[in-house]
Amino acid sequence: MSTILFELGCEELPPKSLKPLRDALQASVTEQLTDADISFDSIKAFAAPRRLAIQIQGISDKQPDRTEQKRGPAIKAAFDADGNPTRAAMGFAKGLGIDASELTTINTDKGDYVGYEQTIHGQATTELLPAIFQTALDNLPIAKRMRSGASRDEFVRPVQWAVLMQDDAIIDATIQGHQTGTQTRGHRFHSPDYHTIAHANDYEQLLDSLKVVADFDKRQMLIKNQVKALADEVNSDAIVPQDLLDEVTALVDFPIALRASFEARFLQVPQEALISTMQADQKYFCLTDKAGKLQPYFIFITNIESKDPNQIIEGNEKVVRPRLADAEFFFLQDQKQPLFALTESLKTRVFQDKLGTIWEKSERIAKLAAFIATLMQQQGREISVDETVRAAILSKADLASSLVGEYPELQGIAGTYYARLNGEPEAVAASLEEQYLPKFSGDVLPQTPIGICLALADRLDTLVGIFAIDQAPTGSKDPFSLRRSAIGILRILIEKQLPINLVALVEQAIKNYSDAKGSKIAKMGDTFTQVMAFLNSRYRAMYTEQGVSVDTIQAVQAINPHMPLDFDQRIRAVQAFSELSQASMLADSNKRVANILAKSEMSVADTVDEALLTEPAEQSLYSSVREAQTAVTPLLKKADYTQVLQTLASLDEPLTQFFDNVMVNSEDDALKNNRLALLKQVRALFLTVADISELQL
């Protein structure tokens, strides 16, 4: 057992790719070692700005020997009548490099054959490793590779050196066009020269002494701890997005955190703009107070252990000041006119070539949002239709602002700031930011009633419009993010407990296009059908992400509820039903009932003639069905689907007895039709919630 060290030294690797490159390298090497049957105790990957490395400890020196059984021709063909080997046997033996006398007999179900057990000696690990590492490098997820100078070898960045060692010895090889050795390089500024690695086990400790923290995770933890300590000194919390933390970790070998400040006057600017420019452009960690309000400080990570940190701090303060001043300028410039005035320019800005301008979209959103607000009022929710219309008209105004022009991610956020500065009602102002929620899977939903209306109206308008012009998502292409929008619609209606029918919403959205000058929808019926089918198809994606089984989703989809909140209540009921001891039997019985009814050649009656119930088992089932019908009627009015299915579970025993003792397809047509009618009532009871025959229990 020994230790293997591989290191590839490069020019600075792409910071956003460093962590994925490290993980892919380790995964590929691990997989290849496993496939080659080379055992090892542990494997660890390292990644720093100028290197990728793998350290494998307790690795076996060679592959284990293995025995392979080679099977040749049948015994009858291998030997003649006198027992002498035939040409077939001798040819088989010659191919294995043995004498025919060494052949053995292999007994199989299909007869006896000649054969030979051959020992395959395992290769030395050191012979296999160069190809393993080169293959791993070749398979890294690199979007665009480059060549350096006259070299024909390609990699994400120019390669400077390669290390491949077994304990204290070089494994001679050429990787990425470089001869392997035992020399690495330290920190670009603090320790730029080559240094010899005495032993593969010394790698991490040696680099630590050369001002390189090679372990990506260890380096990241150092950054997090330093940032927290500096934030605590000014009683603040640091904003540390994981993507930014990964990127900063990939930019430095030897992280040292420093805190700097900026003028407090910049805090009048929307803090989202300041945070955006400091994170995206400068890779700074911003600080907020305990209430989430931005503080006039930021923390940055330097890659140099400076004798005079103040110079570095002052340099960063000098660099960030103009960027914050730009954000301040755009913010003040926008305030020279009210937010509503910006809507004028929306009349010439195209939303989509075939769907008109952004202003026309705002008008459609206003109509649809007012429709939704009216429905919410009817359900007893407090919401002003007039304020909803006002918010919708202003909803896209900030797209014409200078601030959003410079920081597109602030759309909606900027509108909320400007609306408050203009004295718009708080309900209107808050909704302008909320209209874009949820922005991604698992994101928060709009909280205010008007925000809910805008979020629904905006998504529905886009969904209907894009389908109307035959630009529906195909495969992986979804330029308007319609799949995400559809799930957003479903989530809002479900999680905000809004009993609103999708049919009404889609029909109103289509009507708004039709009422506009120069109708954008030629085939309203087709558009309605396609949009409804698309929305219904999103249930599966949404619920499977929550861990709901596919058959449960299919059971509810089979009855096609049009109200998302109602759909969700049915899903929860079927989930609870699936846990019952009677569930499996009832699911099978429902399949049987559905098949029997489907095969009926005549129309099955809705009512049962009690006088024709001749068998005790069918009389018992009929009695149980009547009791169940009475019990579930008030439950259905309350949409208590869980209790409905709990009640119907009592039909388990009567159904079982019915199928065991009653011949449904009786020769007497009257009896047969009456029994079919009884089963139809059983089927109808379960279909009030879902088609549980879809369940695979």
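Residues numbered from 1 in each chain as written. Predicted model: local features only at pLDDT ≥ 70, side-chain atom pairs only at ≥ 80, totals over all residues. Heavy atoms only, no water.

### Quick notes on helix H19 (residues 550-557)
- All of the buried residues along H19 are Asp-551, Thr-552, Ile-553, Ala-555 and Val-556.
- Where H19 is buried, its residues meet helix H18 (524-545) and helix H20 (564-578). (Buried < 20%, exposed > 50% of the residue type's maximum accessible area, 1.4 Å probe, protein only. Helix = DSSP H or I, 4+ residues; strand = E, 2+ residues; numbered from the N terminus. Contact = heavy atoms within 4.5 Å.)

### Considerations on the side chain of Gln-279
- Positionally, Gln-279 belongs in helix H8 (residues 271-280).
- In contact with Gln-279, not counting residues within four places along its chain, are Ile-239, Pro-241, Leu-244 and Tyr-284.

### So, the layout of surface pockets
- The calculated volume of the largest pocket comes to roughly 530 Å³.
- Together, 18 residues line the largest pocket, and Tyr-436, Asp-458, Phe-480, Arg-484 and Ser-485 are the ones closest to its centre.
- Elements with a minimum of two residues in the lining of the largest pocket: helix H10 (358-378), helix H15 (449-468) and helix H16 (482-495).
- If one sorts the elements of the lining of the largest pocket by residue count, H15 sits on top with three residues.
- Class assignment for the residues of the lining of the largest pocket results in seven nonpolar, five polar and six charged.
- Size it by volume and the second largest pocket reaches roughly 290 Å³. (1 Å grid on protein atoms, 1.4 Å probe; cavity = no way out; pocket = protein on both sides within 12 Å on 5 of 7 lines; lining within 4 Å. Points joined across faces, edges and corners; volume = space filled by probe spheres on them. Nonpolar A, V, L, I, M, F, W, Y, C, P; charged D, E, K, R; others polar.)

### Describing the nonpolar core
- Of all hydrophobic cores here, the largest spans 139 residues; its most connected members are Met-278, Ile-372, Leu-403, Leu-456, Leu-502, Tyr-543 and Leu-648.
- The greatest single-element share of this core, amounting to 12 residues, is contributed by H15.
- Discounting residues that sit within four places of it in the chain, Leu-456 has contacts with Ile-372, Ile-489, Ile-492, Leu-493 and Leu-498.
- Among the nonpolar cores identified, the runner-up in size contains 37 residues, and Cys-10, Ile-54, Phe-133 and Ile-175 belong to it. (Core = buried A, V, L, I, M, F, W, Y, C linked by side-chain atoms within 4.5 Å.)

### Notes on the sheet that holds strand S1 (residues 2-10)
- Strands sit in the order S2-S3-S1-S9-S10 across an open sheet of five strands; the sheet is antiparallel. Edge strands, defined here as strands with exactly one partner in the open sheet, are strand S2 (42-48) and strand S10 (169-170).
- Here seven bridges tie S1 to strand S3 (residues 51-59), and the two strands are oriented antiparallel to one another. The partner of Gly-9 across the bridge, within S3, is Arg-51.
- Each of S1, S3 and strand S9 (159-166) touches helix H4 (residues 125-138); the most contacted strand, S1, lies at about 35° to it. (Pairing = 2+ DSSP bridges. Axes fitted to C-alpha atoms, helices over the stretch in contact; angles between N-to-C directions.)

### Looking at unusual backbone geometry
- Along the chain, Leu-437 connects to Pro-438 via a cis peptide bond; the corresponding omega equals -5°.
- By secondary structure assignment, the location of Pro-438 is in the loop between helix H14 (426-434) and H15.
- Backbone geometry places Asn-560, a non-glycine residue, at a positive phi of 55°.
- Residue placement: Asn-560 occurs in the loop between H19 and H20.
- A residue is classified by how much of its surface remains accessible, and Asn-560, at 35% relative accessible area, is partly exposed.

### Regarding the packing of aromatic side chains
- For the structure on display, the rule yields 14 aromatic pairs.
- With 6.2 Å between their ring centres and 85° between their planes, Trp-161 and Tyr-194 make a pair best called edge-to-face. Remark: Tyr-194 occurs in strand S14 (residues 194-196) and Trp-161 occurs in strand S9; sequence separation between them is 33 residues.
- Here Trp-161 falls in the buried class, since its relative accessible area comes to 4%.
- Given a relative accessible area of 38%, Tyr-194 falls into the partly exposed group. (Phe/Tyr/Trp six-rings, centres within 6.5 Å; stacked < 30°, edge-to-face > 60°.)

### Let's talk about the sheet that holds strand S16 (residues 256-261)
- The strand order across the open sheet formed by four strands is S15-S17-S18-S16, and the pairing between neighbours is antiparallel. Edge positions in the sheet fall to strand S15 (237-238) and S16, since each of these pairs with one other strand and no more.
- In this sheet, strand S17 (residues 285-288) lies alongside S15 in antiparallel orientation, the contact comprising two bridges. Considered in S17, the bridge of Ala-238 is made with Leu-287.
- The sheet contacts of helix H6 (residues 216-233) involve S15, S16, S17 and strand S18 (294-302), and relative to S16 the element is tilted by about 30°.

### Digging into the packing of H16 against H18
- For the pair H16 and H18, the least separation of the axes is 9 Å and the interaxial angle reads 80°. Taken as axis vectors, H16 and H18 run roughly perpendicular relative to one another. Taken together, the residues of H18 that come into contact with H16 (itself represented by Leu-482, Arg-483, Ala-486, Ile-487, Ile-489, Leu-490, Arg-491 and Ile-494) are Phe-534, Leu-535, Arg-538, Tyr-539, Ala-541, Met-542 and Tyr-543.
- In terms of residue class, the contact of H16 with H18 is made up of 12 nonpolar, no polar and three charged. (Parallel < 35°, antiparallel > 145°, perpendicular 65-115°, else oblique.)

### Here we look at the pattern of salt bridges
- In total, this model carries 34 salt bridges according to the counting rule given.
- Salt-bridge contacts for Lys-290 lead to Asp-237; the nearest nitrogen and oxygen are separated by 2.8 Å. Here Asp-237 lies in strand S15 and Lys-290 lies in the loop between S17 and S18, a separation of 53 residues in the sequence.
- The exposed category is assigned to Lys-290, whose relative accessible area is 55%.
- Classification of Asp-237 as partly exposed rests on a relative accessible area of 33%.
- Residue Glu-424 pairs with Arg-390 through a salt bridge whose shortest N-O separation is 2.7 Å. Highlighted residues: Glu-424 in the loop between helix H13 (413-421) and H14 and Arg-390 in helix H11 (residues 385-394), separated in sequence by 34 residues.
- On the basis of relative accessible area, Glu-424 is assigned to the buried category, the value being 16%. (Salt bridge = Lys/Arg side-chain N within 4 Å of Asp/Glu carboxyl O.)

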